[in-house]
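# Structural overview
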Amino acid sequence: MQVTWLVDALCLVHDAAGNWQGRTCSLELRHGRIAALHDSPPQHAPGEVVLAARGMLCVPGLVNAHTHSPDNLIRGTAPDLPLELWSLHSSAGRERRSPREVYLAALLGCVEMLRAGATTVLDHIRFSPAMAPETMDAVAQAYRDAGMRAVIAPVMADRAVADTMPLTEDDLDGADIAAYGHRPAMPAAEQIALLEAFIRDWHGHEARLSVAPGPSAPQRCSDALLCAAGELAARHGLALHMHLLETRPQRELCLSLYGRGAVAHLNGLGLLGPRSSFAHALWLEPGDAELMAEAGAAVVHNPVSNARLGSGVFGLRRMRDVGLRLALGTDSACCNDSNNLIETMKAATLLSRQKSPMPEAWVSPGEVLAMATAGGADVLGLGAVTGRIAPGMAADLTLLRLASPAFSPLLDPVRQLVLGESGAAVDTVLVAGRAVLRHGRCTTLDEGAIWAEAQALAEKRLRDNAGVLADAAALERPIRRMYARLHRGCCA
Ligand SMILES: [Zn+2]
């Protein structure tokens with residue numbers, strides 16, 4: 001029996017009322033789970049592993065509930081533009097990836113997330129130009145090799161790019177967008193069949209990997225594809241994940257496509273429910289938040305990405321007050337520009353204060369830490385598995401050195417972690433009891449080799465894909481005209 005002791009750590013324990021308490025104790029870990037918390041140092045048997053944790057802050061492993069690992073290979077390339085234009089510019093490096101490139105991209109994210117204390121991730125993997133089994137396998141293999149806990153949500157879409165925006169004839173003004181804007185999508189039935197095979201091969205693998213259907217967004221999918229994804233999730237007991245109303249153009253398009261808001265439409269399709277989580281949800285109609293809360297659906301808040309793309313400011317306090325289940329995500333490293341959930345916690349806390357100067361409308365560091373741990377686990381369908389330090393839970397734990405700038409002096413560990421830390425103090429990370437990061441370095445991966453290979457692959461891909469950017473450029477002027485039309489009068 002594999003037994004590990006974490007001795008004398010300052011553990012942050014989250015009680016039923018949602019309050020964090022610091023408790024110095026020793027954790028007994030058996031078979032990858034927390035067996036018990038002991039107030040006095042344990043008597044351990046010969047052969048048992050002992051990790052001295054005195055001087056360490058022990059927190060539940062963080063849960064990054066929304067990112068896109070393929071974008072790790074193009075971080076830094078996207079200019080400062082709103083989502084629809086950002087997507088055009090970032091498409092050049094994303095196209096025609098080999099399985100090796102996709103594997104390396106996922107490993108880059110694993111290194112980054114583990115170093116910043118995350119143990120679990122939902123990876124909404126995009127495909128360009130089309131869903132491919134080798135690509136999905138490469139991502140799953142990366143999480144298997146890194147030792148992270150992951151929910152892999154392959155992105156599905158079947159509407160042409162130009163049809164996913166409310167472009168008018170005036171916006172298009174005769175632009176030739178056939179090469180990029182109207183290329184055909186893989187049929188819905190084919191995408192569902194590929195996902196069925198991926199579920200068969202990987203869902204439940206090593207009890208760490210799971211699969212979730214990931215429709216890109218309502219306006220990027222036919223109703224038939226959305227319903228098939230929902231049916232697949234229900235049949236296999238999976239989470240269902242998609243983007244929702246990230247920008248104003250998306251809201252306008254959904255209103256014209258459906259004759260009602262996107263949330264009402266999803267509800268009509270039976271896709272609001274406890275297994276559903278939606279990234280962003282910034283441009284809701286009145287009553288949408290309440291409707292989602294009543295249905296038990298969840299929202300993944302991505303504050304840094306929203307700010308980077310100028311998408312809008314999320315009403316976090318109001319969403320909490322209506323009872324929505326909430327998690328935190330980084331979104332992609334090309335629109336964030338990192339996968340650092342500690343940084344995201346700080347942004348979520350501070351941006352909640354941009355909605356109102358009244359302190360009762362703000363959220364606290366402790367509330368945000370709960371979103372990034374137990375909240376995130378619950379939203380991904382892993383609430384009984386990870387996200388809390390308690391007997392029976394997986395030993396997914398992050399240990400931070402207290403002898404570090406952010407914690408010296410140590411007066412309020414939660415506030416100092418959420419608002420003052422950066423990941424620099426993360427020393428050790430355990431996933432299912434296995435130390436996948438020790439002394440700030442990954443034990444499962446060769447970080448230097450990954451970074452060196454990624455550099456060469458990224459440079460080559462950007463060179464080889466120069467033509468993709470040229471094709472996409474035909475849509476740039478129409479989208480700029482669309483933005484100017486929809487946001488007339490909004491500019492300061
Ligand atoms: Zn996203």
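Scope of this entry: the structure provided in the associated data block. (Residues numbered from 1 in each chain as written. Predicted model: local features only at pLDDT ≥ 70, side-chain atom pairs only at ≥ 80, totals over all residues. Heavy atoms only, no water.)

## Things to note about the coordination of the zinc ion
His 66 (NE2), His 68 (NE2), His 243 (NE2) and Asp 331 (OD) make up the full set of protein donors to the zinc ion, lying at 2.1 to 2.4 Å. Classification of the site at the zinc ion rests on its 4 donor atoms, whose angles at the metal span 87 to 173°, yielding the label irregular. Here the donor residues of the zinc ion share one chain and are spaced in sequence as H-x1-H-x174-H-x87-D. Look at His 66 and you get buried, because its relative accessible area is 0%. A relative accessible area of 1% means that His 68 is categorised as buried. (Donors = N, O, S within 2.8 Å, 3.2 Å for Na, K, Ca; no water. Tetrahedral: all angles 85-135°; square planar, octahedral: opposite > 155°, others 65-115°. Buried < 20%, exposed > 50% of the residue type's maximum accessible area, 1.4 Å probe, protein only.)

## Considering the layout of surface pockets
Looking at the largest pocket, its volume works out to about 900 Å³. What lines the largest pocket is a set of 42 residues, among which Phe 127, Ala 157, Val 161, Ser 216 and Arg 220 lie closest to the centre. Only helix H1 (83-94), strand E8 (149-156) and helix H8 (248-258) provide two or more residues apiece to the lining of the largest pocket. Looking at the lining of the largest pocket element by element, the count peaks at 7 residues for H1. Tallied by class, residues from the lining of the largest pocket come to 20 nonpolar, 12 polar and 10 charged. (1 Å grid on protein atoms, 1.4 Å probe; cavity = no way out; pocket = protein on both sides within 12 Å on 5 of 7 lines; lining within 4 Å. Points joined across faces, edges and corners; volume = space filled by probe spheres on them. Helix = DSSP H or I, 4+ residues; strand = E, 2+ residues; numbered from the N terminus. Nonpolar A, V, L, I, M, F, W, Y, C, P; charged D, E, K, R; others polar.)

## Notes on the environment of Ala 384
Within the secondary structure layout, Ala 384 lies in the loop between helix H14 (365-379) and strand E15 (397-401). By relative accessible area, Ala 384 is classed as exposed at 62%. Sequence spacing of Ala 384 and Asn 339 is 45 residues, and the spatial spacing of their C-alpha atoms is 25 Å.

## Digging into the pattern of salt bridges
Counted according to the given criterion, the structure contains 28 salt bridges. With its nearest N and O atoms 2.9 Å apart, the salt bridge here joins Glu 101 to Arg 461. Here Arg 461 lies in helix H16 (residues 447-464) and Glu 101 lies in helix H2 (residues 99-115), a separation of 360 residues in the sequence. When salt bridges with common partners are traced through the structure, they connect Arg 317, Arg 320, Asp 321 and Glu 367 into a single cluster. (Salt bridge = Lys/Arg side-chain N within 4 Å of Asp/Glu carboxyl O.)

## What about the nonpolar core?
Of all hydrophobic cores here, the largest spans 104 residues; its most connected members are Tyr 143, Leu 244, Leu 284, Met 292, Met 345 and Leu 369. If one sorts the elements of this core by residue count, H2 sits on top with 11 residues. Summarising the domain contributions, this core has at least three residues from each of domain 1 (3-59 + 394-442) and domain 2 (62-379). If we skip the residues at most four places from it in the chain, Met 345 touches Leu 62, Leu 328, Val 368, Leu 369, Ala 372, Leu 417 and Val 418. Core analysis: the next-biggest nonpolar cluster, separate from the first, contains 20 residues, Leu 27, Leu 29, Met 393 and Leu 430 among them. (Core = buried A, V, L, I, M, F, W, Y, C linked by side-chain atoms within 4.5 Å. Domains from an automatic or database assignment. Contact = heavy atoms within 4.5 Å.)

## Overview of the pairing of strand E13 (residues 298-301)
Side chains of E13 alternate between two faces, with Ala 298 and Val 300 and Val 299 and His 301 buried alike. Traced from strand E12 (residues 276-280) through helix H10 (residues 288-295) to E13, the parallel crossover comes out right-handed. Bridge analysis of E13 against strand E14 (residues 325-328) gives 4 bridges, and the strand direction is parallel. Each residue of the ladder has a partner; that of Val 299, found in E14, is Leu 326. (Right-handed = clockwise from strand over helix to strand, strands pointing away. Pairing = 2+ DSSP bridges.)

## Topic: the packing of H2 against H16
H16 packs onto H2 with a crossing angle of 135° between their chain directions and a minimal axis gap of 10 Å. Comparing their axes, H16 and H2 come out oblique. For the crossing formed where H2 meets H16, the hand is left-handed. The residues of H16 that touch H2, namely those facing Arg 100, Glu 101, Leu 104, Leu 107, Leu 108, Val 111 and Arg 115, are Glu 447, Ile 450, Trp 451, Glu 453, Ala 454, Leu 457 and Arg 461. Residue classes in the contact of H2 with H16 are distributed as 8 nonpolar, no polar and 6 charged. (Axes fitted to C-alpha atoms, helices over the stretch in contact; angles between N-to-C directions. Parallel < 35°, antiparallel > 145°, perpendicular 65-115°, else oblique. Left-handed = near helix turned anticlockwise from the far one by under 90°.)

## Considerations on the sheet that holds E14
One open sheet accounts for 4 strands, arranged E11-E12-E13-E14; its pairing is parallel. Each edge of the open sheet is held by one strand with a lone partner, namely strand E11 (240-244) and E14. Strand-to-strand twist across the sheet, computed as the mean angle between neighbouring axes with direction ignored, equals 30°.

## Section: the pairing of strand E3 (residues 33-38)
Bridge count for strand E2 (residues 20-30) against E3 is 5 bridges, and the pairing is antiparallel. Within E3, the position partnered with Leu 29 by the bridge is Ile 34. With antiparallel pairing between neighbouring strands as the criterion, E2 and E3 make up a hairpin whose turn holds 2 residues, including His 31 at a positive phi of roughly 50°.

## Here's the deal with empty space enclosed by the protein
For the structure shown, the criterion picks out 1 cavity of 30 Å³ or more. Taken together, Val 59, Leu 62, Ile 342, Met 345, Thr 398, Leu 400 and Leu 417 make up the full set of residues lining the largest cavity. Counting contributing residues, the lining of the largest cavity receives three or more from each of domain 1 (3-59 + 394-442) and domain 2 (62-379).

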